[in-house]
Amino acid sequence: MTLDFIAASCADDYDPNSMNVDKARHFIRQYLSPIQAQESLALRSSLGRILATDILSPCNVPNHDNSAMDGYAFNGDDIAADTTTSLKIVGTAFAGKVFDGKVERGQCVRIMTGAVMPDATDSVIPQEQAQVDGEKIMFGAGARRGQHRRFAGEDLKLGQVVLPTGHLIRPADLGLVASLGICEVKVYRKLRVAFFSTGDELSSIGQQLESGQVYDSNRYTIYGMLARLGVEIIDMGVVRDDPVLLEQALVNASESADVVITSGGVSVGEADYMKELLNKRGQVVFWKIAMKPGRPLAYGKIGNAHYFGLPGNPVSVMVTFYQFVRDALLNLMGQPHPRPIPLFSAICDDEIRKAPGRTEFQRGVLHQVNDDWHVKLTGNQGSGVLSSMSEANCFVVLDEACGNIAAGALVQVQLLEGLI
Ligand code: AMP
Ligand code: MG
């Protein structure tokens, strides 16, 4: 499917109130294909990267049947029915030091947690439940054959897929892969993402603000969000609202990156200007999305690069990044089905006025009151009020259909911790 076709089908949805959030997400998804290039990395360096091949277990984990407790290993046939069992201690098995003697009927071996079960034993009596008398132990009725024995391969079986292609490697996975003795893993190469801010009014930090200017903050939030995703970042600075400079910047970006992100210049009044430029150099669909904040958003291709044109307002940048770009980048990075940001229910402390017909992402602070989780809004919800975003620890997600919310009602929240 080409983007011309998208433009046509998109046009069906293109009305002033426009395409809904789910549809827009689904729409973008169709045009993404994960990068293919791979590299081999030392295990530790693979943290946060995405596996390019399945990791298969080269062995059973654990390798041998072993004891789950400190105690005495014995043969289950020796358990006396309804009375005391008495066994003779004939040796000791430590973790890392196998007992390789023979265990006859009526005998047992002192065993430590993790030690290999001696031949002919299949059960362990924990030391707290055994009475020791010289070379003998005794324990009461109730022991069962096989108790407190961990089986070889109980955690992982030889040949089993331990982690699948497309898995994002987290700390537990580093340990898991290490437990198999594997020291190198194949991951997809890092996704390259270039970005720049647009606007004549923008000034760079460290400079004196002239009248009518604002500092370029979007480049810093975008940098932060991209850095957390673990992509390779190409910061291209600020580009003036000048067709020649914008065209040059877009072409340069698309030649050096897999994805190009811009902020600003897609709102009514500026969109036509960008649109013309992008139509010349690529294929871009402009949308108004039925959401607040973040209504204007562009997606398309410039050469082989994917293009996201985010709105200029600082909060809109973050909302559209988390709601659309993050998922798309994870997919391009090699995760075929990125987990959506989870939604939880919380009790809303505030009354919220909202018109049905668009999805709203308000900024909130999730906090605990006794056993319940509550959320309160962070004051002014204007799309330029970045302090409301900085103070927040969650989005309050009000779906398209919902109208006004009464204080005390349940609302859906998306935690920002772990994302930001
Ligand atoms: P635009 O989408 O270009 O019309 O911008 C919308 C609003 O966001 C305007 O008030 C801009 O000044 C502001 N804005 C645009 N880009 C940035 C930026 N990089 N940093 C801070 N504010 C911005
Ligand atoms: Mg602008």
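First, a word on what this report is: a plain description of the structure on this page. (Residues numbered from 1 in each chain as written. Chains lettered and ligands numbered in written order. Predicted model: local features only at pLDDT ≥ 70, side-chain atom pairs only at ≥ 80, totals over all residues. Heavy atoms only, no water.)

All told, the structure shown has seven aromatic pairs when counted by the stated rule. Judged by centre distance (6.4 Å) and plane angle (65°), the rings of Tyr322 and Phe395 are edge-to-face. Of this pair, Tyr322 sits in helix H7 (residues 314-333) while Phe395 sits in strand E25 (residues 394-398), and the two are 73 residues apart along the sequence. Residue classification places Tyr322 among the buried residues on the basis of a relative accessible area of 4%. Owing to a relative accessible area of 1%, Phe395 belongs among the buried residues under this scheme. Centre to centre, the rings of Phe361 and Phe395 are 6.1 Å apart; their planes meet at 75°, and the pair counts as edge-to-face. Linking Phe361 in strand E23 (residues 359-369) with Phe395 in strand E25, this pair joins segments that are 34 residues apart in sequence. For the residue pair Phe361 and Phe395, the accessibility class agrees, reading buried in each case. (Phe/Tyr/Trp six-rings, centres within 6.5 Å; stacked < 30°, edge-to-face > 60°. Helix = DSSP H or I, 4+ residues; strand = E, 2+ residues; numbered from the N terminus. Buried < 20%, exposed > 50% of the residue type's maximum accessible area, 1.4 Å probe, protein only.)

A sheet is described by the order of its strands in space; here six strands give the open sequence E7-E4-E6-E5-E9-E8, paired in mixed fashion. A strand with exactly one partner marks an edge of an open sheet, and here the two such strands are strand E7 (123-126) and strand E8 (131-133). Taking each pair of neighbouring strands and ignoring which way they run, the sheet shows an average axis angle of 40°. The pairing of strand E5 (residues 85-93) with strand E6 (residues 107-111) spans four bridges and is parallel. When the sheet's bridge partners are listed, Ala93 is paired in E6 with Ile111. (Pairing = 2+ DSSP bridges. Axes fitted to C-alpha atoms, helices over the stretch in contact; angles between N-to-C directions.)

Bear in mind that shape data such as this cannot, by itself, settle questions of function.
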